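Given next are the chains, with one letter for each unit.
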Amino acid sequence: MLRLGGAVEKTFMIPYNAFHFKTLCTAIKSLGPMSLTLEQVQRIAHLARIEVSESEALSTQGHLNGIFELIEQMQAVDTRGVEPMAHAQDVSQRLREDAVTEENRRAAYLAVAPETEAGLYLVPKVIE
Amino acid sequence: MINASLKQLSQALATKQISSVELTQLFLDRINRLNPTLNAFVTVDADKSLAAARAADARLAAGTAGLLTGIPIAQKDIFCAEGWRTTCGSKMLANFVSPYDATVIRKMEAEAGLVSLGKTNMDEFAMGSSNETSFFGPVRNPWDQARVPGGSSGGSAAAVAARLAPVATGTDTGGSIRQPAALCNLTGLKPTYGVVSRYGMIAFASSLDQAGPMAASAEDCAMLLNTMAGFDERDSTSLERPVEDYARDLEKPLAGLRIGLPKEFFGEGCDAEVMTAVRAAIAEYEKLGATTVEVSLPNSHLSVPAYYVIAPAEASSNLSRFDGVRYGFRAEDYSNLDDMYMKSRAQGFGAEVKRRIMIGAYVLSHGYYDAYYLQAQRIRRLIANDFVEAFKSCDVIMGPTSPSTAFKLGEKAADPVQMYLSDIYTIAVNLAGLPGMSVPCGFVGGLPVGLQLIGNYFAEAQLLNVAHRYQQATDWHQRRPAGLE
């Protein structure tokens, strides 16, 4: 898991979901309220694992603040007692037998990766 | 033949008036000739299409053909199709050749025998309302090539409008089928959430994304929806419902139909001439025996703000899979794993996609989650409840699809908020999960206007009926752009 903070420390890597969203959410906690400062924009970009240059951060700051101005309209609405709606249909999650249903297509799925070796995805060294 | 309906094409193929190979070649020739200007397709593979057409001809000869076997179709490049480059309009997937088929593709190709002509241009990851965010350049509107075709299914819309394909697939997260249909004079349907499988459809906002047909008429949409819809165990939100014939009610008379007109859709904010065309369409419905009643969707003005919290939140999570490890773009130079993620995503995504990922990351973060994400979900409930209330006094809701006709390329590209407001009438339908359509209803200054129809849950057959009867009384949907012979 990647620990997000001032200095990024790598311990070990999970091949799927390389940067986990919940970690990102916790790490972003220290950010201030609207409107976003340039520093905050850079920090969000870092947590979203998107490199931004100074000039990109500046134009992004303007755009994001414009969008948040639109979003802020929601804050005037009294929604006490309203159940959040995650989904269009209120149906419960379908369950299935815990059994293998897909055929093994490892070669086909590995073939589209940028770099592989010996049937594994290749990434820069993360463990010393 | 290029202007023929699906029914006519089906008839022509069944009676051997034309073969699927000939028909496919006819459309491939038009794509060759007109696509360099319109940029509606990003990938065409004549060999693949013709091989599928030959297989369709074999089925036609063997008597094992279905109603749509051998008919060409354009596929939005958001659907994974085995052996086809599938880009989702992004540099991130510019070289991605899908190793599997989306359920929609499998149902259309393997089961129904439709022949894919190619993959159509779209806003990057379906994030846009003008097709200008595509890595492969903007699509031009066949009605005026200085204008946008709408988005995100802009390539599909332009392809059908210019008759580069008889029909196309689209997807609609906030209006991406209906708005381009309106701007290009097409009939487009976004089904009830859960009716069409999302498996293999590259995810943008999973609780809103829904695929549907884009065509010249409601009848064509009904026939195409019959091949697209159905339960799929590979989509966790696919609904287990009995199979329907969506064309079953097309001819039903409209006498007694109650049309709800939301007062919020008929106030400020819409171009006056667009509104005149919409009101004329409603008057036509009254002639067909329908009655109108004013309804209210008091929270509809909150749909754009709520959407721009919910959709980016889901997108930021969905698009975390693009990390340069398992598929897609990987930057050339990087110093370590973290740097590889940062550079691959910085170089692989366009500006609008990055903005939405960042909004999503922010609104889901601890400390902001309640104020933004949960608040947006509560407002989503209020919006859905408004529709439940409105449908107590009407059968179908009508209004404009888009507040304006097609705007000029570049006109709104610099201001995301202005662009977002293009979907002011369509977004609430996605938040509620309802079916919606856009139907051609006139022209303003030579540019098409769309009438939006909103139905209750699972009322697709009724919406198609309401659209079809109007199309029998009017000829707006049969108008074609000039200069594209």
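One structure accompanies this document, and this report is about it. (Residues numbered from 1 in each chain as written. Chains lettered and ligands numbered in written order. Predicted model: local features only at pLDDT ≥ 70, side-chain atom pairs only at ≥ 80, totals over all residues.)

1. A look at the overall build of chain A
When helices and strands are counted, chain A shows four helices and four strands. Reading the helices (α) and strands (β) of chain A from amino to carboxyl end gives β-β-α-α-α-α-β-β. In chain A, buried positions account for 20% of the 128 residues. Taking as baseline every contact in chain A between residues at least 6 positions apart, the subset at least 24 positions apart corresponds to 25%. (Helix = DSSP H or I, 4+ residues; strand = E, 2+ residues; numbered from the N terminus. Buried ≥ 20, exposed ≤ 12 C-beta atoms within 10 Å, placed from the backbone. Contact = placed C-beta atoms within 7 Å.)

2. Overview of the overall build of chain B
Along chain B, the regular secondary structure elements total 15 helices and eleven strands. Taking 2.2 N^0.38 as the reference for a compact globule, 485 residues should give roughly 23 Å; the C-alpha atoms of chain B span a radius of gyration of 21 Å, in line with that estimate. In terms of its C-alpha atoms, chain B occupies a principal-axis envelope of roughly 65 × 55 × 45 Å. Evaluated residue by residue, chain B yields a buried proportion of 65% over its 485 residues. Here the contacts in chain B between residues at least 6 apart in sequence split such that 76% fall between residues at least 24 apart. (Rg over C-alpha atoms; globule rule 2.2 N^0.38 Å.)

3. A look at the nonpolar core
Residues and elements named next belong to chain B. Grouped together as the largest cluster of nonpolar side chains are 180 residues, with contacts concentrated most on Ile-73, Ala-159, Val-160, Ala-165, Val-396 and Leu-453. Here this core gets nine residues from one element, more than from any other, and that element is helix α9 (residues 303-318). Ala-165 has contacts with Phe-27, Pro-72, Ile-73, Ala-74, Leu-117, Ala-159 and Val-160, leaving out every residue within four places of it along the chain. (Core = buried A, V, L, I, M, F, W, Y, C linked by C-beta atoms within 7 Å.)

4. Quick look at helix α8 (residues 272-287) of chain B
Since the α-helix advances by 3.6 residues per turn, residues separated by three or four positions end up pointing in the same direction. Residue and element names in this part refer to chain B. Its 16 residues give α8 an end-to-end C-alpha distance of 23 Å, which sits within 8% of 22 Å, the value for a rise of 1.5 Å per residue. In this structure, the buried residues of α8 make contact with β7 (258-262), β9 (396-400), β10 (436-444), β11 (447-455) and α15 (460-473). The positive-phi residue at the C-terminal boundary of α8 is Gly-289, with phi of around 105°. (Expected span 1.5 Å × (residues − 1).)

5. Some words on the pairing of β7 of chain B
Residues and elements named next belong to chain B. Burial within β7 is extensive, with four of its five residues counted as buried. Examined bridge by bridge, β7 and strand β8 (residues 291-295) share five bridges and lie parallel to one another. Looking at β8, one finds that Arg-258 is bridged to Thr-291. Bridge count for β7 against β9 is two bridges, and the pairing is parallel. Bridge pairing in β9 links Ile-259 to Val-396. (Pairing = 2+ DSSP bridges.)

6. Considering the interface of chain A and chain B
Contacts between the two partners involve 53 residues from chain A and, on the opposite side, 60 residues from chain B. Where the side of chain A that touches chain B is concerned, the elements lending two or more residues are α1 (21-27), α2 (38-47), α3 (54-71) and α4 (106-110) of chain A. Residues of the side of chain A that touches chain B, tallied by class, amount to 36 nonpolar, ten polar and seven charged. (Nonpolar A, V, L, I, M, F, W, Y, C, P; charged D, E, K, R; others polar.)

7. As for helix α11 (residues 351-363) of chain B
Look at α11 of chain B: 18 Å from first C-alpha to last across 13 residues, which is about the 18 Å you get at 1.5 Å a residue. Buried residues dominate α11 of chain B, accounting for ten of its 13 residues.

8. Let's talk about the packing of helix α7 (residues 218-228) of chain B against α15 of chain B
Helix packing geometry: the angle between the two helix axes and the distance between the axes. Residues and elements named next belong to chain B. Two elements in contact, α7 and α15, have axes whose closest approach is 8 Å; the angle formed by their N-to-C orientations is 155°. Judged by the angle between their axes, α7 and α15 are roughly antiparallel. Within the contact between the two elements, α7 uses Ala-218, Glu-219, Cys-221, Ala-222 and Leu-225 and α15 uses Glu-460, Leu-464, Ala-467, His-468 and Gln-471. Counted by class, the contact of α7 with α15 contains six nonpolar, two polar and two charged residues. (Axes fitted to C-alpha atoms, helices over the stretch in contact; angles between N-to-C directions. Parallel < 35°, antiparallel > 145°, perpendicular 65-115°, else oblique.)

9. Digging into unusual backbone geometry
Residue and element names in this part refer to chain B. For the peptide bond that leads from Gly-151 to Ser-152, omega is 10°, which places it in the cis range. Here the phi dihedral of Arg-163 falls at roughly 55°; this positive angle occurs in a residue that is not glycine. Inspection of the secondary structure assignment puts Arg-163 in the loop between α5 (154-161) and β4 (168-172). Residue Arg-163 is classed as buried on the basis of its 21 C-beta neighbours within 10 Å.

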